[in-house]
Structure formats: C-alpha cells, structure tokens
Amino acid sequence: MNLPNQFENPYHSKVAALDNIYVTHQSLVEAINGITECISWSRHSLEPKGALLTGMGGAGKTTICQFILKRYPPVMVSTDDAHINTVPAFYTSVPSPCGIKALASSMLDELGDPSPGIGSASAMTKRLCKLLVECRTRVIILDELHHLLRTKGKVQGKAEEVCDWLKSLMNKAKVMICLVGTPSCESILQCGDGQMSRRFSHRHHLRDLSCGTSDHPGELAGFLQHLAAQYSLSLGSIAMPDFGSHKLVEQVWAATSGRPSFITLLLQKAVLSALNGQRTSITVGDLAAAFDSGVTIDVAQSTKNPFEMLNYELKDSVLSKLRVQK
Ligand SMILES: Nc1ncnc2c1ncn2[C@@H]1O[C@H](COP(=O)(O)OP(=O)(O)O)[C@@H](O)[C@H]1O
Ligand SMILES: [Mg+2]
C-alpha cells in the first residue's frame, strides 16, 4: 500500500542512498585479504582451510561477506558437452534453532536444488556434496554462527553435531568454509576433540575503530573524514562537520564506541535533522539531536549527550575508558 504523499519525507530516499557508501579500514582490509588468501590456498592444499571472522553486532561482518562474494561471482562455463552454471561462492546464515537438516536445506536452496528440504539428513548431504562439486563451489560463507549458542554464550547441544558435519562437508566436497559470528563463537570451535579449532585456524577479528589521541589519531578519525567526504559528494552541496577536530572524534567515539553501523546511523540521523530544517550544513547540534533520538544508546559510553559535554566532562567520562581500551 502506498502512503499518501503528505506522510512521505522527501529526504528519506536521499539519506537511504548513503547506505551504499563503504569506507575501508585496517581490520576490514586485513580480513578481506586474509579470507581471500585462504580461499586461494585451499584450492591447492590437500585439506581445505577453514576461516572464522568475528566482530560485535554492527562491526561490518556481513558487509565483508558481500565484498568477498563479489570477488567470486557465478559464471557460466562451457565444456565440450555441457554448459555449467558455476557458483564459486555462496552465502547463507545458520538457521535458529539449527540442526544438520535445516543447514543442509538452506545450502541446497542456495545451489538451486529444486526440493531443498526433502529427504533424510544423509540423503540431503549426499545431494549437497554432488551439487558443490558440480557448481565448482570454492567457498561457503556461513554467517550468524552465534545461532549455535544458547543464552549466556553457552554452546547449544547440537553444536558439536553441526561442527562435525561441517568438517566432513569440507573433506568430502573439498570446499572451504568461512564461519562468521560474534566473538563468543570462538567457544564453538573449542567443542569436541580440538579438530574444529585446528581446521578453522585462520581467524580474523573486526575491531571497533579506535579513537586515539590528538597526537596519535586512531582509525576512527580517518574513517569519519572519508565517510563525511563521500556523504557530501552523494548529498551534493551539504557541508559536513569538521572531523579533523579530535574533540569531535572523541565525541563520536563516546556516542558509538567506534562501531561502524552506529557511526553511520548517527551521521545519517544528523543529516536528516539538517535536511528537515532546510539547512545545508550538518552541525554538532544535529549530532547531538541524533544522539538524543537514542539510536546509539546500546553502545554509547555515557548516558549524557557527549555532543553537549564540556571539555572536562568529556575527558572525565570518555578518556578514562579510552585508557582502559588501549
Ligand atoms: N566499512 C564500512 N563503511 C561504512 N559503513 C559500514 C561499514 N561497515 C559497516 N557499516 C555499516 O554498518 C551496517 C551494518 O554492518 P553489518 O556488516 O551488517 O554488521 P554485522 O554483520 O557485523 O552486524 C552496514 O549496513 C553499514 O551501514
Ligand atoms: Mg551480520
């Protein structure tokens, strides 16, 4: 149903377009390069490698999965007697609750099996191995691994069974698996006989962006400057705040803990607040209003608005935590 025009905000589409802007940072580049190297190495080694990518919610894990998928697009390969639609890489999420059949079914679905949910677990596994070989799949990216954890980070009863199944899938289909989840997923790899930990020894962690000091700026400063420059380009003649100021970087860190998804949300809310006010510059006041809207409350270092703090308040409430972070 289309809403009548008077309920539509004309600026929402402008701000939504900002979702397509990505800025690289060190741990993102390291993870993409490390996983790509693992995929290439697996092709030539006797035992395919396994990788684990971890990061807190909103750190950018699924974004990285999409980057990697783009490097291995599906291609049609012609042999003497057939045309094969290859699927060098595909992405799926661990279902919740997870069992072997549910996982096999979601993988079969990705590879175009006409009845992915049909058959016993072993029949589905056989079909899946055959399809993986036919589609020349080199990597399966398995996101939301933390669905194998119960509350309080405990490993689900079925996790060990699922891990054994993943190991045997790697061996049978000679496919590399990249597991993706929150840092608590490390505990999943510890279960069983230690084989899981050995097979998934290539590990990458997406850190929150560091604030640094005015003498030694952290990754957050560069990230904000690049993001602001690209937002400005996309919005056209809109001036962004000066993220060359270390105080402003500290304020953003206090509001977001340096977590990319919350940084983009805060900035987009600030852009919307300026556009709604018919202004062409985003001010610290817009950032303050964005903070007050509560979008970053889950990760904020302080309940008080960091964009309204006096210098000494910011130092006391934020810098003390930064010293612990270092
Ligand atoms: N490198 C980045 N540059 C710009 N925005 C990013 C970046 N990484 C993450 N984001 C923002 O955070 C949002 C959530 O990222 P996502 O990859 O889904 O996190 P995760 O899977 O770790 O929870 C993205 O939709 C995007 O808006
Ligand atoms: Mg995700």
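Just so it is clear, the structure is predicted and the values come from calculations on it, not from any experiment. (Residues numbered from 1 in each chain as written. Chains lettered and ligands numbered in written order. Predicted model: local features only at pLDDT ≥ 70, side-chain atom pairs only at ≥ 80, totals over all residues. Heavy atoms only, no water.)

Caption draft 1: Broad picture of the site of ligand 1. In the vicinity of ligand 1 lie 16 residues, with Val23, Gly58, Lys61, Thr62 and Thr63 positioned nearest. Between ligand 1 and the protein, one listed contact pairs a nitrogen atom with a backbone N or O atom of Val23 at 2.7 Å. Between ligand 1 and Gly58, the relevant distance is 2.7 Å, taken from an oxygen atom to a main-chain nitrogen or oxygen of the residue. The protein chains hide 81% of the 560 Å² of surface that ligand 1 would expose on its own. When each cavity is represented as a set of grid points, ligand 1 is found to reside in the largest pocket. Put simply, the parts of the chain that give the shell around ligand 1 at least two residues each are helix H3 (61-71) and helix H11 (260-276). Looking at which domains feed residues into the shell around ligand 1, each of domain 1 (26-205) and domain 2 (210-325) supplies at least three. (Near = heavy atom within 4 Å. Polar contact = N/O pair within 3.5 Å; in protein donor to acceptor, adjacent residues only side chain to side chain. Areas by Shrake-Rupley, 256 points an atom, 1.4 Å probe, with all protein chains shown as cover. 1 Å grid on protein atoms, 1.4 Å probe; cavity = no way out; pocket = protein on both sides within 12 Å on 5 of 7 lines; lining within 4 Å. Sits in = over half its atoms within 2 Å of the grid points. Helix = DSSP H or I, 4+ residues; strand = E, 2+ residues; numbered from the N terminus. Domains from an automatic or database assignment.)

Caption draft 2: Layout of the layout of surface pockets. Of the voids in this model, the largest pocket is the one considered here, and its volume is about 440 Å³. Around the largest pocket, the lining comprises 27 residues; the ones closest to its centre are Tyr22, Gly60, Thr63, Pro260 and Ser261. Of all the elements in the fold, those that place two or more residues in the lining of the largest pocket are H3, helix H9 (219-235) and H11. Taken together, the residues that form the lining of the largest pocket break down as 12 nonpolar, 11 polar and 4 charged. Viewed by domain, the lining of the largest pocket spans two of them, domain 1 (26-205) and domain 2 (210-325), each represented by three or more residues. For the second largest pocket, the calculated volume is near 350 Å³. Arg43, Arg136, Thr137, Arg138 and Lys174 are, among the 20 residues lining the second largest pocket, the residues nearest its centre. Taken together, the elements giving at least two residues each to the lining of the second largest pocket come down to helix H2 (26-44), strand S2 (75-78) and helix H5 (121-134). (Points joined across faces, edges and corners; volume = space filled by probe spheres on them. Nonpolar A, V, L, I, M, F, W, Y, C, P; charged D, E, K, R; others polar.)

Caption draft 3: Spotlight on the environment of His147. Residue position: His147 is located in the loop between strand S5 (139-143) and helix H6 (159-173). Judged by relative accessible area, His147 falls into the partly exposed class, the value being 27%. Through-space distance from the C-alpha of His147 to that of Ser93 is 9.0 Å; in sequence the pair is 54 residues apart. Polar contacts involving the side chain of His147 include one to the main-chain carbonyl oxygen of Val94, which spans 2.7 Å. (Buried < 20%, exposed > 50% of the residue type's maximum accessible area, 1.4 Å probe, protein only.)

Caption draft 4: Molecular detail of helix H4 (residues 100-110). Inspection of H4 places Ile100, Leu103, Ala104, Ser105, Ser106, Met107 and Leu108 among the buried residues, and these make up the whole buried set. Looking at the packing, one finds that the buried side of H4 touches strand S4 (89-93), H5, S5 and H6. Looking one or two places after H4, you find Gly112, whose phi comes out positive at around 85 degrees. (Contact = heavy atoms within 4.5 Å.)

Caption draft 5: Broad picture of the pattern of salt bridges. One pass over the structure, following the stated rule, counts 11 salt bridges. As a salt-bridge pair, Glu186 and Arg203 come within 2.7 Å of each other at their nearest N and O atoms. Taken together, the residues Glu186 in helix H7 (residues 186-189) and Arg203 in strand S7 (residues 202-205) connect sequence positions 17 residues apart. If you follow the salt bridges from partner to partner, you end up with Glu47, Arg198 and Arg199 in one network. (Salt bridge = Lys/Arg side-chain N within 4 Å of Asp/Glu carboxyl O.)

Caption draft 6: Here's a closer look at the domain arrangement of the protein chain. Partitioning the protein chain into domains gives domain 1 (26-205) and domain 2 (210-325). The distance between the C-alpha centroids of domain 1 and domain 2 comes to 36 Å. If you look at the interface, domain 1 gives 6 residues, while domain 2 gives 5 residues. For the pairing of domain 1 and domain 2, the buried interface totals around 370 Å² over both sides, and the portion due to carbon and sulfur atoms is 43%. Along the contact surface separating domain 1 from domain 2 lie 0 salt bridges. Counting every contact that joins domain 1 to domain 2 gives 3 residue pairs in polar contact (both at pLDDT 80 or more). Residue composition of the side of domain 1 that touches domain 2, by class: 2 nonpolar, 4 polar and no charged. (Buried area = accessible area lost by both parts, 1.4 Å probe.)

Caption draft 7: Looking closely at the pairing of S2. In the sheet, S2 pairs with strand S3 (residues 83-86) via 4 bridges, with the strands oriented antiparallel. Looking at the pairing, Val75 lines up with Thr86 of S3. Linkage of S2 to S3, two consecutive antiparallel strands, is achieved through a turn of 4 residues. (Pairing = 2+ DSSP bridges.)

Caption draft 8: Representation of H5. When the terminal C-alpha atoms of H5 are compared, their 20 Å separation across 14 residues agrees well with the 20 Å that a helix rising 1.5 Å per residue should span. Regarding H5, the residues found buried are Met124, Thr125, Leu128, Cys129, Leu131 and Leu132. For H5, the angular spread of buried residues about the axis comes to 165 degrees, placing them on one side. Across H5 from its buried face, at more than 90 degrees, point the exposed residues Ser122, Lys126, Lys130 and Val133. (Expected span 1.5 Å × (residues − 1). Arc of directions from axis to C-beta.)

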